[in-house]
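Residue-level structural notes
Take a look at the letters that make up each chain.
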Amino acid sequence: MELRGVDELMDLLRAGRGVRAPGDRVDLLAHSLQTAALLRRGRPADKELQIAGLTHDVGRLLRPGDGTGHTGPGAHAVRTLLGDRVAGLVRLHRTATAADGPLAEDALALRQAHESAHVPGLDAGVLDDWRTLLELVAARHARLGAVD
Ligand SMILES: [Fe+2]
């Protein structure tokens, strides 16, 4: 499945409310918001990395119950809308190592944020806080795509 617009993506992220990965103490929406917030704090200039943090687990919502096989579907889902870099980061978020090529450093930052973003009760804002940035990244990618 490919996401075709920001509204569709936000609906999918919103569907993570109340959905918990096995053993997790926060639901997928809170986990996604916390991951994005940690990256915004640590890497304020890298908007695509923050968006990768927000969207890194959409594959879990597309493949419920599949703990390990969700990274490929997640990357595929966001590629058309958000571009190859965001998709690559989503694909690497569980297994990133220092040897993952040009994305390695950023993928490791995403992996670390994803591993830390399980804090019950931590207020990481709301999904609508990210709409403008999602639209910006999607629009930039659409423009770049049109040039190719
Ligand atoms: Fe995650």
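Residues numbered from 1 in each chain as written. Predicted model: local features only at pLDDT ≥ 70, side-chain atom pairs only at ≥ 80, totals over all residues. Heavy atoms only, no water.

This part is about the coordination of the iron ion. At the metal site, the iron ion is ligated by His31 (NE2), His56 (NE2), Asp57 (OD) and His114 (ND1), and these contacts range over 2.1 to 2.3 Å. Coordination geometry of the iron ion: the 4 donor atoms subtend angles of 88 to 158° at the metal centre, consistent with an arrangement described as irregular. Written as a sequence motif, the donor arrangement for the iron ion is H-x24-H-D-x56-H. (Donors = N, O, S within 2.8 Å, 3.2 Å for Na, K, Ca; no water. Tetrahedral: all angles 85-135°; square planar, octahedral: opposite > 155°, others 65-115°.)

This part is about the nonpolar core. Membership of the largest hydrophobic core comes to 41 residues, with the highest contact counts inside it found for Leu9, Leu54, Val78, Leu82 and Leu134. Put simply, the parts of the chain that give this core at least two residues each are α1 (6-14), α2 (28-42), α3 (47-55), α4 (58-62), α5 (71-82), α6 (84-92), α7 (104-116) and α8 (131-147). (Core = buried A, V, L, I, M, F, W, Y, C linked by side-chain atoms within 4.5 Å. Buried < 20%, exposed > 50% of the residue type's maximum accessible area, 1.4 Å probe, protein only. Helix = DSSP H or I, 4+ residues; strand = E, 2+ residues; numbered from the N terminus.)

With that settled, consider the packing of α6 against α7. Where α6 contacts α7, the two axes come as close as 9 Å, and the packing angle between them is 55°. Taken together, the axes of α6 and α7 are oblique relative to one another. For the element pair α6 and α7, the recorded crossing hand is right-handed. Between α6, through Arg85, Leu89, Val90 and Leu92, and α7, the contact on the second element is made entirely by Asp106, Ala107 and Leu110. Classifying every residue of the contact of α6 with α7 gives 5 nonpolar, no polar and 2 charged. (Axes fitted to C-alpha atoms, helices over the stretch in contact; angles between N-to-C directions. Parallel < 35°, antiparallel > 145°, perpendicular 65-115°, else oblique. Left-handed = near helix turned anticlockwise from the far one by under 90°. Contact = heavy atoms within 4.5 Å. Nonpolar A, V, L, I, M, F, W, Y, C, P; charged D, E, K, R; others polar.)

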